[in-house]
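Structural overview for review
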Amino acid sequence: MFKKLVAAALFAAGLTSTVVTYNLPTKKTLVVEEIPIITPTPTPEGTEVEPETEYELISLGEFKLTAYCGCKKCCGKWADNRPVDEDGKEIVKGAIGKRLTADYSIAVDPKVIPYGTIVVIDGHEYEAMDCGVKGNRIDVYFESHEDARKFAVQTKEVFIKKEVKTNELEND
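Described below are features of the structure shown in this document. (Residues numbered from 1 in each chain as written. Predicted model: local features only at pLDDT ≥ 70, side-chain atom pairs only at ≥ 80, totals over all residues. Heavy atoms only, no water.)

1. Here we look at the pattern of salt bridges
- For the structure shown, the criterion picks out eight salt bridges.
- When the shortest N-O distance is used, the salt bridge between E143 and K89 registers 2.9 Å. With E143 in the loop between strand 7 (137-141) and helix 3 (145-151) and K89 in the loop between helix 2 (72-75) and strand 4 (105-107), this pair connects stretches of sequence that are 54 residues apart.
- What makes K89 partly exposed here is its relative accessible area of 39%.
- Close ionic contact of E127 with K98 constitutes a salt bridge, the shortest N to O distance being 3.3 Å. Pair noted here: E127 is in strand 6 (residues 124-130) and K98 is in the loop between helix 2 and strand 4, with a separation of 29 residues, a long-range link.
- Take K98: its relative accessible area is 39%, and that puts it in the partly exposed class. (Salt bridge = Lys/Arg side-chain N within 4 Å of Asp/Glu carboxyl O. Helix = DSSP H or I, 4+ residues; strand = E, 2+ residues; numbered from the N terminus. Buried < 20%, exposed > 50% of the residue type's maximum accessible area, 1.4 Å probe, protein only.)

Take a look at the structure:
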């Protein structure tokens, strides 16, 4: 909704596009994007408007990032007796019972980041679906051991997405 408000104001001023910078509470600039300006569409009177969902990024601080795959070396006994899909590929599930997806699923300490939480690292989204690490550490799931090794060990600032209902703010 913020983008639509900015776009409408800029359209009224006769502009066709602009670059918008979002500043985080930590005083760091996270995203810069160009917003095309289009003619706003008025909502017919008496029509209920669904609240649009936007997200605010909240910094959790710096985390140590490592990587893992579904092999015995990375998963130990949890790699034993996995089912296979129709293509003969092992089905690797995380602690919450969902199938892990390479470069999206992460293992976390659920006391620090609850299961199901979407985190953002360097603009990329990941979902907390597995455990096996402690404290401010995240283990990123990869399809192969080679890819996990290439990822190595990194230290990155981690953000969580907090839902913000923008239509509720407009009625104030």
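Okay, back to it.
2. Brief notes about the side chain of E127
- A relative accessible area of 10% means that E127 is categorised as buried.
- At 3.3 Å, the side chain of E127 forms a polar contact with the side chain of K98.
- Leave out the neighbours within four places in its chain, and E127 touches I96, K98, Y104, S105, I106, G116, T117 and I118. (Polar contact = N/O pair within 3.5 Å; in protein donor to acceptor, adjacent residues only side chain to side chain. Contact = heavy atoms within 4.5 Å.)

3. Some points on the nonpolar core
- Membership of the largest hydrophobic core comes to 16 residues, with the highest contact counts inside it found for I106 and I138.
- Counting residues per element, the ones that place at least two in this core are strand 3 (53-68), strand 5 (118-121), strand 6, strand 7 and helix 3.
- Here this core takes three residues from strand 3, the largest share from any one element.
- Beyond its immediate stretch of four places on either side in the chain, I106 contacts Y68, V119, Y126, E127, A128, M129, D130, I138, D139 and V140.
- Grouped together as the second largest cluster of nonpolar side chains are eight residues, Y68, C75, L100 and A107 included. (Core = buried A, V, L, I, M, F, W, Y, C linked by side-chain atoms within 4.5 Å.)

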